[in-house]
Amino acid sequence: MAKNLRPAELDELDERIVEILEQDGRITNADLAVALDVAPSTAHSRMRSLVERGVIRGFHASVDHNRLGRGLQAMVGVTLRPGSRHDAIVQFADEVRRLPEVLQLFFVGGVDDFLVHIAVEGSSDVRRFVVDHLSAQQSVASTRTSIIFEYHRNAVAAPFQ
C-alpha cells in the first residue's frame, strides 16, 4: 500500500514553513514571508517546492461535524477473516473509504486490521453503519466500536496511499 520513500531533506526554513502551515493552511504568502522573515518570492518558491516534493500533500478544511448534524463520532475496529488477505484488504479499503460517514480509514497492525473513524447523527446511525456497511461484507470477521467523546488533532495526517 504505502511506498517506502526516503524522508525529504528539509532545512530549518522548510521545517518552519511546514509548522506554520500546519497551524494555518490559509495563511497568505505575504504573511508567511513576514513570519519567516524572508522575501515573499522566497516564501512562495519554498512552499511550492515542498508541494512538488510531496511534503505538503494538500490543504484541508477543519470541519465541525456537529454543525453538519453529524455530531456523534466513533472509531470502529475491523478484523478481517483469514484467507486471501491481500485481496480482502484492498477490496475492503476501496469500498469503505468511499462511504460518506467515513472521516478517516487506518490500515493497522495489531488486533484490528482497520480502524474506521466515522461521523454520524446518532447512535442508531452508528449501528446501521456497522451492520450495513461493515458486518455485511464477507471479508469481515468482527467489529469493535468505541464512541469518541472528545479528541484533539495536532495536524492533518497524509493518506496512506
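Scoring rules and cut-offs
Residues numbered from 1 in each chain as written. Predicted model: local features only at pLDDT ≥ 70, side-chain atom pairs only at ≥ 80, totals over all residues. Heavy atoms only, no water. Helix = DSSP H or I, 4+ residues; strand = E, 2+ residues; numbered from the N terminus. Rg over C-alpha atoms; globule rule 2.2 N^0.38 Å. Buried < 20%, exposed > 50% of the residue type's maximum accessible area, 1.4 Å probe, protein only. Lys, Arg positive; Asp, Glu negative; His and termini not counted. Charge placed at Lys NZ, Arg CZ, Asp CG, Glu CD. Core = buried A, V, L, I, M, F, W, Y, C linked by side-chain atoms within 4.5 Å. Contact = heavy atoms within 4.5 Å. Expected span 1.5 Å × (residues − 1). Arc of directions from axis to C-beta. Pairing = 2+ DSSP bridges. Axes fitted to C-alpha atoms, helices over the stretch in contact; angles between N-to-C directions. Phe/Tyr/Trp six-rings, centres within 6.5 Å; stacked < 30°, edge-to-face > 60°.

A.B. asks: For the overall build of the chain, give the residues involved together with the corresponding values.
C.D. replies: A tally of regular secondary structure across the chain gives 5 helices and 4 strands. Its helices and strands taken in sequence order, the chain reads α-α-α-β-α-β-β-α-β from the N to the C terminus. Computed over C-alpha atoms, the radius of gyration of the chain comes to 19 Å, more than 25% over the 15 Å expected from 2.2 N^0.38 for 161 residues, which places it beyond the range of a compact globule. Expressed along its principal axes, the backbone C-alpha trace of the chain runs to roughly 55 × 40 × 20 Å. Counting the 161 residues in the chain, one finds 28% classified as buried. In the chain, which carries 18 positive and 22 negative side-chain charges, the distance between the mean positions of the two groups comes to 5 Å.

A.B. asks: So what's going on with the nonpolar core? Residues and values would help.
C.D. replies: Counting residues in each nonpolar core, the largest one holds 22 residues, and the members touching the most others are Val 78, Phe 92, Val 116 and Ile 118. Looking at this core, the elements with two or more residues in it are β1 (72-80), α4 (85-96), β2 (102-107), β3 (114-120) and α5 (123-135). Ignoring anything within four residues of it in the chain, the contact list for Phe 92 reads Val 78, Leu 80, Leu 105, Phe 114, Val 116, Leu 134, Gln 137, Ser 139 and Val 140. Leu 13, Ile 20, Leu 21 and Ala 33 belong to the second largest nonpolar core, which has 11 residues in total.

A.B. asks: Break down helix α1 (residues 12-23) for me, citing the residues and quoting the values.
C.D. replies: If you check α1, its first and last C-alpha atoms are 17 Å apart, about what 12 residues at 1.5 Å a residue would give, namely 16 Å. Among the residues of α1, those classed as buried are Leu 13, Asp 14, Ile 17, Ile 20 and Leu 21. Summarising the axial view, the buried residues of α1 lie within an arc of 130°, below the 170-degree limit, and thus occupy one face. Exposed side of α1, more than 90 degrees from the buried face: Glu 12, Glu 19 and Gln 23 are the residues found there.

A.B. asks: Give a description of the sheet that holds strand β4 (residues 140-148) that names residues and reports values.
C.D. replies: Strand order in this open sheet of 4 strands is β2-β3-β1-β4, and the pairing throughout is antiparallel. Looking along the sheet, the strands with just one partner apiece sit at the ends: β2 and β4. Taken over all neighbouring pairs, the strand axes of this sheet differ in orientation by 20° on average, direction set aside. Of the strand pairs in this sheet, β1 and β4 are connected by 8 bridges, and their pairing is antiparallel.

A.B. asks: Which residues make up α4, and what are the values?
C.D. replies: Counted at 1.5 Å a residue, the expected span for α4 with its 12 residues is 16 Å, and the 16 Å between its end C-alpha atoms agrees. Those residues of α4 that fall on the buried side of the exposure criterion are Ala 88, Ile 89, Phe 92, Ala 93 and Val 96. Along α4, the residues classed as buried sweep out an arc of 125° about the axis, all on the same side. Across from the buried face of α4, at angles greater than 90 degrees, the exposed residues are His 86 and Asp 87. In this structure, the buried side of α4 is in contact with β1, β2, β3, α5 and β4.

A.B. asks: Provide a residue-level description of the packing of aromatic side chains, including the pertinent values.
C.D. replies: Taken as a whole, this structure holds 2 aromatic pairs when the rule is applied. Between Phe 92 and Phe 114, the aromatic rings sit 4.7 Å apart at their centres with planes inclined by 40°, giving tilted as the arrangement. With Phe 92 in helix α4 and Phe 114 in strand β3, the pair connects residues that are 22 residues apart, well separated along the chain. Take Phe 92: its relative accessible area is 0%, and that puts it in the buried class. An angle of 35° between the planes, with centres 5.2 Å apart, marks the rings of Phe 107 and Phe 114 as tilted. For Phe 107, a relative accessible area of 37% gives the class partly exposed. For Phe 114, a relative accessible area of 0% translates into the label buried. Grouped by ring-pair contacts, the aromatic residues Phe 92, Phe 107 and Phe 114 constitute a single cluster.

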